[in-house]
Amino acid sequence: MEDLRKLSLQKLTDFFVQIGEKPFRAKQVYDWLWSKNLHSIDEMTNLSKDLREKLSAHFTIKPASEDVVQHSVDGTIKNGVKLHDGLTVESVLIPTETRTTACVSSQVGCSLNCEFCATAKLKRMRNLEVAEIVDQVALIDKQSRENFGRPLSNIVFMGMGEPMMNYKNVVDAIRKITEPEGLGMSPRRITVSTSGIPKMIKMLADEDLKVKLALSLHSAIEETRNEIMPFSEKFPLTEIMESLQYWYRKTGSVITFEYCVWGGINDDDAHIKALIKYCKKVPSKVNLIQYNPIGEGKFDHRNPEAEERYLRELQKAGITVMVRKSRGGDIDAACGQLANKTAV
């Protein structure tokens with residue numbers, strides 16, 4: 001039976017007309033599905049019992065649901081989210097004093113092969129559907145209200161999977177999250193993080209979604225980047241930069257470069273100079289991210305002195321830079337650690 005949430009508003013309208021009902025019923029159902037995130041046709045109380053039975057005879061709702069929940073000592077909450085087919089993804093609620101951020105997944109597993117990421121060690125099983133992405137956001141919004149007394153404020157597509165490899169569903173989910181008939185969240189508080197697929201970055205720029213863009217960079221030296229992110233051999237840094245410049249021309253939105261510093265890999269002056277040179281080619285800022293070990297020895301060596309040198313030299317070059325402290329490491333909820341350890 002088809003999932004009711006796969007129908008557009010127009011198709012819902014067509015359905016109601018076909019069964020002899022008023023077209024406005026479609027808007028009522030759409031509101032239950034996307035604004036209220038309701039998962040039960042029986043609970044659509046402004047529809048008659050007879051009409052609810054007709055809907056149930058043709059459609060079902062296949063929600064993603066909270067399965068295993070873990071709480072970190074720093075307030076971070078990791079969710080094992082069970083999908084309708086029994087597969088699991090993970091999402092994370094990250095609280096601070098001023099905001100609550102949802103880190104959501106876009107794929108079961110991942111399409112890419114970044115050496116330092118636990119998710120990349122998983123087989124990509126499938127892309128998440130639009131409703132499954134929206135359900136993660138609605139779930140974390142509920143958790144934020146219950147645990148911190150405030151609604152969800154920010155969303156980052158930095159969970160499991162490469163968002164650009166599930167492009168259509170991610171874009172459609174963003175529309176559902178931001179449209180007044182959906183969750184009504186501000187698109188300017190949504191960041192899509194990509195490892196760098198130039199064609200898709202340009203497509204996203206053309207969508208006029210008004211979201212922010214982050215690039216998982218980690219090295220502006222081609223040889224190093226290809227070693228730690230092997231898929232990037234297909235996407236040279238020059239092509240990625242050209243797509244980022246296109247992004248800025250189309251959107252006017254500054255790009256964030258996400259960057260981990262590893263001892264013996266990218267902690268020397270040559271890598272610092274290469275990053276500064278790369279940043280100056282497009283309006284950008286840098287987030288220096290504390291790496292979270294996943295048991296891959298060569299990436300487990302932190303070099304605090306090099307991190308300080310990066311910070312100092314980037315600031316000296318006039319580049320905005322922030323140091324992002326790791327959150328949720330004690331429950332494997334930190335950046336790069338999502339690997340479905342909660343799955344049973």
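Keep in mind that this is a model prediction, so the values were computed, not measured. Here the residue index of a chain counts from 1 through its sequence in written order. Predicted model: local features are reported for residues with pLDDT of at least 70 only, side-chain atom pairs are reported and counted for 80 or more only, and whole-chain, interface and lining totals are derived from all residues. Hydrogens are left out, water is left out, and the side-chain values use all remaining heavy atoms of the structure.

**Notes on helix α10 (residues 304-316)**
- Put simply, DSSP marks the helices as runs of H or I at least four residues long and the strands as runs of E at least two long, and each gets a number from the N terminus on. In a helix, the anticipated span is given by 1.5 Å times the number of residues less one. Helix length check: α10, at 13 residues, gives a terminal C-alpha distance of 18 Å against a target of 18 Å (1.5 Å per residue), a fit within 8%.
- We call a residue buried when its accessible area falls under 20% of the maximum for its residue type, exposed when it is over 50%, and partly exposed in between, using a 1.4 Å probe and counting protein chains only. Taken together, the buried positions of α10 are Ala 306, Glu 307, Tyr 310, Leu 311 and Leu 314. Each buried residue of α10 lies within a common arc of 145° when the element is viewed along its axis, so the set occupies one face. Along α10, exposed side chains directed more than 90 degrees from the buried face belong to Glu 305 and Lys 316.
- Residue contacts are defined here by distance: any two heavy atoms, one from each residue, within 4.5 Å place the two residues in contact. Buried residues along α10 sit against β12 (255-259), α9 (269-279), β13 (284-289) and β14 (320-324).
- Looking at the residues trailing α10, positive phi occurs at Gly 318, about 80°. Each direction from the helix axis to a C-beta atom contributes to the arc, which is the arc of those directions.

**Focus on empty space enclosed by the protein**
- Think of a 1 Å grid over the protein atoms and nothing else: a 1.4 Å probe that fits but is trapped marks a cavity, an open set flanked by protein within 12 Å on at least five of seven lines marks a pocket, and residues with an atom within 4 Å of a point count as lining. Grid points are joined across faces, edges and corners, and a volume is the space filled by probe spheres set on the points. Per the counting criterion, the structure on display carries two cavities of 30 Å³ or more.
- Around the second largest cavity, the lining residues are Pro 163, Met 164, Tyr 167, Val 170, Val 171, Val 192 and Leu 204.
- Ranked by residue count, the leading element in the lining of the second largest cavity is helix α5 (residues 167-178), at three residues.
- By the convention adopted, Pro, Cys, Tyr, Trp, Phe, Met, Ile, Leu, Val and Ala count as nonpolar, Lys, Arg, Asp and Glu as charged, and the other residues, Gly among them, as polar. In the lining of the second largest cavity, the residues fall into seven nonpolar, no polar and no charged.

**Here's the deal with the domain arrangement of the protein**
- Domain assignment breaks the protein into domain 1 (2-60) and domain 2 (65-324).
- Note that the domain bounds were set by an automatic or database domain assignment. Look at where the C-alpha atoms of domain 1 and domain 2 centre, and you get two points 35 Å apart.
- Each partner contributes to the interface: domain 1 provides eight residues, whereas domain 2 provides eleven residues.
- Note on terms: buried area is the combined drop in 1.4 Å-probe accessible area of two parts once they are placed together, counting the loss on both. For the pair domain 1 and domain 2, the two sides together bury roughly 850 Å², of which 56% comes from carbon and sulfur.
- Together, Tyr 30, Trp 34 and Asn 37 form the three largest contributors to the area buried by domain 1 at its contact with domain 2, with a combined 58%.
- Only one rule defines a salt bridge in this text: a Lys or Arg side-chain nitrogen within 4 Å of an Asp or Glu carboxyl oxygen. The interface formed by domain 1 and domain 2 contains two salt bridges.
- The closest approach of N and O atoms between Arg 5 and Asp 135, which form a salt bridge, is 2.8 Å.
- Polar contact criterion, stated in full: a pair of N or O atoms within 3.5 Å, where within protein one must be able to donate a hydrogen and the other to accept it, and residues adjacent in sequence count only if both atoms are side-chain atoms. Linking domain 1 with domain 2 are six residue pairs in polar contact (both at pLDDT 80 or more), by the criterion used here.
- Tallied by class, the residues present in the side of domain 1 that touches domain 2 amount to two nonpolar, three polar and three charged.

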